[in-house]
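Listed below, chain by chain, are the residues.
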Amino acid sequence: MPIFSYLAYPAAGAKETLLGDLRRLKYCEVMPADNEDLLILVTDTPDEAAEALLQQKIKKLSSLQSLSMAFGHADLQTDHVKKG
Amino acid sequence: MEITRRSFIKSAAVNSAVAAAAMLFPGISFGAAKDGDLESGKIQWKKTPCRFCGTGCGLLVGVSGNRAVAVKGDPNSPVNKGLCCVKGYHSIQALYGKDRLQKAQVRQNGKLVDVPLKDALDLVAQKLKETVEKHGKNSVSIYGSGQWTIPDGYAASKLFKGCIGTNNVEANARLCMASAVTGFATSFGLDEPMGCYDDIDHADVFVTWGNNMAEMHPVLFSRMLANRKRKTHVKIIDFATRLTRTSQAADKSIIFKPQTDLAVANAVCYEIIRNNWVNTGFVNSHVSFHKGLAEIGYGTKDHFEFQDKPETVDFEKFKAFLQDYTPEKVEKISGVPAKDIKYLAALYGDPDKKVTSFWCMGMNQHTRGTWINNLVYNIHLLTGKISSPGNSPFSLTGQPSACGTVREVGTLTNRLPHGVVMNEADRKHAAEIWQVPVANIDPKPTYHTVEMFRALDRGDIRFMWIQVTNPMVTMPNLKRYRDGALKEDRFIVVSDVYPTPTTDVADVILPAAMWIEREGFYGNSERRTQHFEQIVPPPGEAMCDTWQLIEVARRLGFEKQFPWPRETYIGEIWNEYSKFHNSPKHRMASYQVLKERSGVQWPFVDGKETKWRYNPKYDPAAAKDKDFDFYGCPDNKAWIWLRPYEPAAESPDTEYPFWLNTGRVIEHWHTGSMTRRIPILHSAVPSAYVELHPDDAEALGVVNGDKVKITSRRGSIVMTASINGRGMPPRGMVFVPFFDENYLINEVTLDAFCPISKQPDYKKCAVKLERVS
């Protein structure tokens, strides 16, 4: 049940296009900044497989210059941090 | 509308992104972003300071049932004004790692086994008592932390110094803030900054001295960026030994060779005098000049001792001393072009510019840490740019209560909650409040941190109780101290929240309540004391560190000194502790006031906080008939010190040709024992790495992702190479973050320290590199 939020930087002059592209993708919510070329993207997918598929689709968007993760929740466990 | 945990998390994700955007683009607006569920009233919001750094950001933790489910910045906190960094936003997840310590454990036949907490506390008290009886009171010790709450540190100091009668009380803040303390003490006679974070809103120029604020103090850095965006003339100068995210945002980066900040600071003073930029009126009224010993050593041998011999001199002697530090001469030492030194001096010297200097570990973890603190004060004192809005030499702290607990409560071998053990009046004062015979308090300090672990290795110390810290990752020259802790006839008690390399060496593990699982206070970098209540219950048998100490104290027979009921003990400890600071120079707010507000700055007198000390416009302790009153020193003046450049304890040579520099990354808190259990922070930076300059990498035949062996005279480690990553060291230097217990870089570092502060230098030792195929 992963939930992530990102700062989404559009390609030059492509803020509106990126907004539309992301809004068309399932599991995505998008909030454009009012006064900067930046969007907030929140993804809320049902499982790891859907998350991976969504990531692939996002990465293919030509209107997207880069994503910067701000928050993540994945119900993962990190008991592997210790050696052995 | 039904509120689900999932919708809380989603709202937190939105808030986190909004905050991240606001750091990068001050003033950015998201009309569509609303708090949604978080504002719905179906969740209870409780205030607390963040526990992941010394900034002291105010957080609001959302609670549903018995679980913390969301975090947002506290808009009422003047520190962060509603902002948070990535660690703050994810902080509550650190409470819920799968392997939280919930039961006490005792080592039996080499293995740790679960036991009832009561039995473990019985054993701790029994071993403590037996060790004192067999080896004397100075064979037992406690080692705490800048993450100790104020009551934790107070109870530890009272038990060990007042009741048991040993000064074997130290804290990991010795490793991060001791040079700041001795810097303040020698220049001003009193610890802690004169200014406050509001300086960020007033300054025209910021100089970060070896300080990667963009990663280490991101919320304060965002306030700097916001100031620069509001006022286009504002400049940020990054004075550093490697390029970092701070460099990327700065107007100018000036890179110096390690240790030569001493020479550059002196050259800046030389230029200020040469150009007649000295604020003569200020200097004549408020400054005196002093000289100490030179060639003071590095403390690498056991039992090292040093005592400075201050000598009063005059301005002309200071001027003559600076003749060795012309910009041209210093360029040869430091690698900083003379024109850049002159530029820095011109910024400080311009009477129309308000200048704030920030520093943290770069200046403090330094074998001349006290000196470089003194030298930056020299610059501000020569120009009179101090103790007024925007003019501020500002030492930042790394831990949430390095100031509040370690520095103010005095959990260091030589300190008391007010004053020092060497001072009879201070001992009498403490004994009276603690209700112990004054003879209990030993007038002689014992071991500072490095020497305490050396004493453990030698066998002079046989019992050590470690709370809220992870020295088996953080001690320099680590192997010696880990081997020492594992020796026969040593008894190690560790109170912590997760298994760590330090619990690996424990004979008893006490599961601790973490942060908002208990009530407490922290004190941040700007003299702000912050209360937090217990917001959620601790897991299993986990117990507050303060109460662990009280339980053991009572088992040792000190019921009279630790009489408080469990329902009210934190408030009662606060009331007792406040008696130590009942003067206009350091009066603290009452328990009730602290409960109500998002932090209060001391001195707190007649209901007013003090933003700028030593300035009678703001400071109730300053004489009203003066424009400034540096009341900490005996001559009522601030002291300018003649401090020379001296090389590092160990510098690169033909055999070990690289500098090793260690530090932190934004995602991880110190040794990573908590943040590595937060899935998103762990996955963002899952392992430590070694940063190399691309040219060095090419010369070694190393590409990104290759394994590199780093070897010093003390040990070696194999790590993954990072080239052109988030930071870039200059040629001849490598940088390694220390958060990863799987890569113990401190087995490579050197346990040299500043002879005055006794703080080790984690930024400089010599290593060689090899590509590992």
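Residues numbered from 1 in each chain as written. Chains lettered and ligands numbered in written order. Predicted model: local features only at pLDDT ≥ 70, side-chain atom pairs only at ≥ 80, totals over all residues.

Undergrad: Tell me about the overall build of chain A, and name the residues and values.
TA: Along chain A, the regular secondary structure elements total two helices and four strands. Secondary structure elements of chain A, listed N to C terminal, follow the sequence β-α-β-β-α-β. Buried positions account for 36% of the 84 residues belonging to chain A. A separation threshold of at least 6 residues defines the contact pool for chain A, and within that pool the share at least 24 residues apart is 64%. (Helix = DSSP H or I, 4+ residues; strand = E, 2+ residues; numbered from the N terminus. Buried ≥ 20, exposed ≤ 12 C-beta atoms within 10 Å, placed from the backbone. Contact = placed C-beta atoms within 7 Å.)

Undergrad: So, the overall build of chain B: which residues are in play, and what are the values?
TA: For chain B, the count of helices and strands is 26 helices and 27 strands. Relative to the 2.2 N^0.38 estimate, which gives 28 Å for 773 residues, the radius of gyration of chain B is 25 Å and therefore close to what a compact globule would have. When the backbone C-alpha atoms are referred to their principal axes, chain B occupies close to 70 × 65 × 60 Å. Taken across its 773 residues, chain B has 62% of its residues classed as buried. The contacts of chain B with a sequence gap of at least 6 include a subset with a gap of at least 24, amounting to 73%. (Rg over C-alpha atoms; globule rule 2.2 N^0.38 Å.)

Undergrad: Which residues make up the sheet that holds strand β3 (residues 39–44) of chain A, and what are the values?
TA: Residue and element names in this part refer to chain A. Here we have four strands laid out as an open sheet, ordered β2-β3-β1-β4, and antiparallel in their pairing. Across the chains shown, the open sheet's two edge strands, defined by having one partner strand only, are β2 (28–32) and β4 (64–73). In this sheet, adjacent strand axes meet at a mean angle of 25° when their direction is disregarded. Lying on the sheet, helix α1 (residues 15–24) is in contact with β1 (3–10), β2, β3 and β4; it crosses β2 at an angle near 160°. (Pairing = 2+ DSSP bridges. Axes fitted to C-alpha atoms, helices over the stretch in contact; angles between N-to-C directions.)

Undergrad: How would you summarise the pairing of strand β9 (residues 235–240) of chain B if you had to cite specific residues and measurements?
TA: All names here are of chain B. The element β9 is extensively covered by neighbouring structure, given that five of its six residues are classed as buried. Across five bridges, the pairing between strand β8 (residues 205–209) and β9 is parallel. Its bridge partner being in β9, Trp209 is matched across the sheet by Phe239. Bridging between β9 and strand β10 (residues 252–255) involves four bridges; their strand directions are parallel. Across the sheet, residue Ile237 finds its bridge partner in β10, namely Lys252.

Undergrad: Outline the environment of Thr246 of chain B, supporting the account with residue identities and numerical values.
TA: Position of Thr246 of chain B among the secondary structure elements: in helix α9 (residues 245–249). Beyond its immediate sequence surroundings of up to four residues, Thr246 of chain B is in contact with Thr208, Asn212, Met213, Ala214 and Asp238 of chain B.

Undergrad: Which residues make up the packing of helix α10 (residues 261–274) of chain B against helix α14 (residues 338–349) of chain B, and what are the values?
TA: All names here are of chain B. Contact geometry for α10 and α14: axes closest at 9 Å, N-to-C directions at 60°. Judged by the inter-axis angle, α10 sits oblique to α14. Here the hand of the crossing between α10 and α14 comes out right-handed. Here Val264, Ala267, Val268, Glu271 and Ile272 of α10 come into contact with α14, specifically with Ile341, Lys342, Leu344, Ala345, Tyr348 and Gly349. Residue composition of the contact of α10 with α14, by class: eight nonpolar, one polar and two charged. (Parallel < 35°, antiparallel > 145°, perpendicular 65-115°, else oblique. Left-handed = near helix turned anticlockwise from the far one by under 90°. Nonpolar A, V, L, I, M, F, W, Y, C, P; charged D, E, K, R; others polar.)

Undergrad: Account for the interface of chain A and chain B, with residues named and values stated.
TA: Contact with chain A, which involves 26 residues of that partner, is made by 29 residues of chain B. Counting only elements with at least two residues in the side of chain A that touches chain B, the list comes to β1, β3 and β4 of chain A. Among the elements that take part in the side of chain A that touches chain B, β1 of chain A stands out by supplying five residues, more than any other. Across the side of chain A that touches chain B, the residue classes break down as 14 nonpolar, six polar and six charged.

Undergrad: A description of the confidence of the model for chain B should follow, citing residues and the corresponding values.
TA: Residue and element names in this part refer to chain B. Chain-level statistics for chain B give a pLDDT mean of 95 and a share of 98% at 70 or above. Per-residue pLDDT stays below 50 along residues 35–40; that stretch engages in 15 contacts with residues further than four places along the chain or on separate chains. In the model output, the complex is listed with pTM 0.89 alongside ipTM 0.92. (pLDDT = per-residue confidence, 0-100.)

Undergrad: Provide a residue-level description of the packing of helix α5 (residues 178–188) of chain B against helix α16 (residues 369–382) of chain B, including the pertinent values.
TA: Residues and elements named next belong to chain B. Where α5 contacts α16, the axes come no closer than 8 Å and their chain directions differ by 50°. Here α5 lies oblique to α16, going by the angle between them. As for how α5 packs across α16, the hand of that crossing is right-handed. Where α5 abuts α16, its residues Ser179, Ala180, Thr182, Gly183, Thr186 and Ser187 lie against Gly369, Thr370, Asn373, Asn374 and Tyr377.

Undergrad: Break down the sheet that holds β10 of chain B for me, with residues and values.
TA: Residues and elements named next belong to chain B. If you trace the five strands from one edge of the open sheet to the other, you get β10-β9-β8-β13-β14, paired in parallel fashion. Each edge of the open sheet is held by one strand with a lone partner, namely β10 and β14 (392–395). If you compare each strand with its neighbour and ignore which way they point, the axes differ by 15° on average.

Undergrad: Now, about the domain arrangement of chain B: what can you tell me, with residues and values included?
TA: All names here are of chain B. Taken domain by domain, chain B holds domain 1 (5–96), domain 2 (104–176 + 400–563), domain 3 (178–284 + 308–399) and domain 4 (658–749). In this structure, domain 3 and domain 4 have C-alpha centres spaced 28 Å apart. Facing the 11 residues of domain 3 at the interface are 13 residues of domain 4. A per-class count over the side of domain 3 that touches domain 4 returns six nonpolar, two polar and three charged. (Domains from an automatic or database assignment.)

Undergrad: Which residues make up the nonpolar core, and what are the values?
TA: In this structure, Ile40 of chain A together with Ala17, Val268 and Val734 of chain B are the most contacted members of the largest nonpolar core, which totals 267 residues. For this core, the element with the highest residue contribution is helix α1 (residues 5–24) of chain B, accounting for 11 residues. In contact with Val268 of chain B, other than residues within four places in its own chain, are Ile341, Leu344, Ala345, Tyr348 and Ile379 of chain B. (Core = buried A, V, L, I, M, F, W, Y, C linked by C-beta atoms within 7 Å.)

Undergrad: Describe in detail unusual backbone geometry, supporting the description with residues and values.
TA: Put simply, Trp602 of chain B and Pro603 of chain B share a cis peptide bond, and its omega is -5°. Mapping Pro603 of chain B onto the fold places it in the loop between β20 (600–601) and β21 (638–642). The backbone of Tyr27 of chain A shows a phi angle near 75°, a positive value even though the residue is not glycine. With respect to the secondary-structure elements, Tyr27 of chain A resides in the loop between α1 and β2. We note that Glu295 of chain B has phi near 50°; this positive angle belongs to a residue other than glycine. Relative to the helices and strands, Glu295 of chain B resides in the loop between β11 (287–291) and β12 (311–313). Taking the number of C-beta atoms within 10 Å as the measure of exposure, Glu295 of chain B has 6 and is therefore exposed.

Undergrad: So what's going on with helix α4 (residues 150–164) of chain B? Which residues, and what values?
TA: Since the α-helix advances by 3.6 residues per turn, residues separated by three or four positions end up pointing in the same direction. Its 15 residues place the ends of α4 of chain B 20 Å apart at the C-alpha level, agreeing with the 21 Å of an ideal helix rising 1.5 Å per residue. Along α4 of chain B, 15 of the 15 residues are buried, which leaves the element largely enclosed by surrounding structure. (Expected span 1.5 Å × (residues − 1).)

Undergrad: Account for the environment of Arg597 of chain B, naming residues and giving values.
TA: Residues and elements named next belong to chain B. Take Arg597: it is sitting in the loop between α24 (591–596) and β20. Assessed through the 19 C-beta atoms surrounding it within 10 Å, Arg597 is described here as partly exposed. Spatially, the C-alpha atoms of Arg597 and Asn76 are 8.4 Å apart, while their sequence positions differ by 521 residues.

Undergrad: Describe helix α23 (residues 569–578) of chain B, naming the residues involved and giving the relevant values.
TA: Residue and element names in this part refer to chain B. Considered for burial, the residues of α23 that qualify are Ile570, Ile573, Trp574 and Tyr577. The buried residues of α23 occupy one face: seen down the axis, they fall within an arc of 105°. Contacts from the buried residues of α23 go to α4, α17 (402–410), β18 (520–523) and α24. (Arc of directions from axis to C-beta.)

Undergrad: Tell me about the pairing of β14 of chain B, and please be specific about residues and values.
TA: All names here are of chain B. Residues Ser392 and Phe394 point to one face of β14 and Pro393 and Ser395 to the other, with burial holding for every one of them. Bridge count between strand β13 (residues 355–359) and β14: four bridges; the pairing is parallel. Among the inter-strand pairings, Trp359 is bridged to a residue of β14, identified as Ser395.

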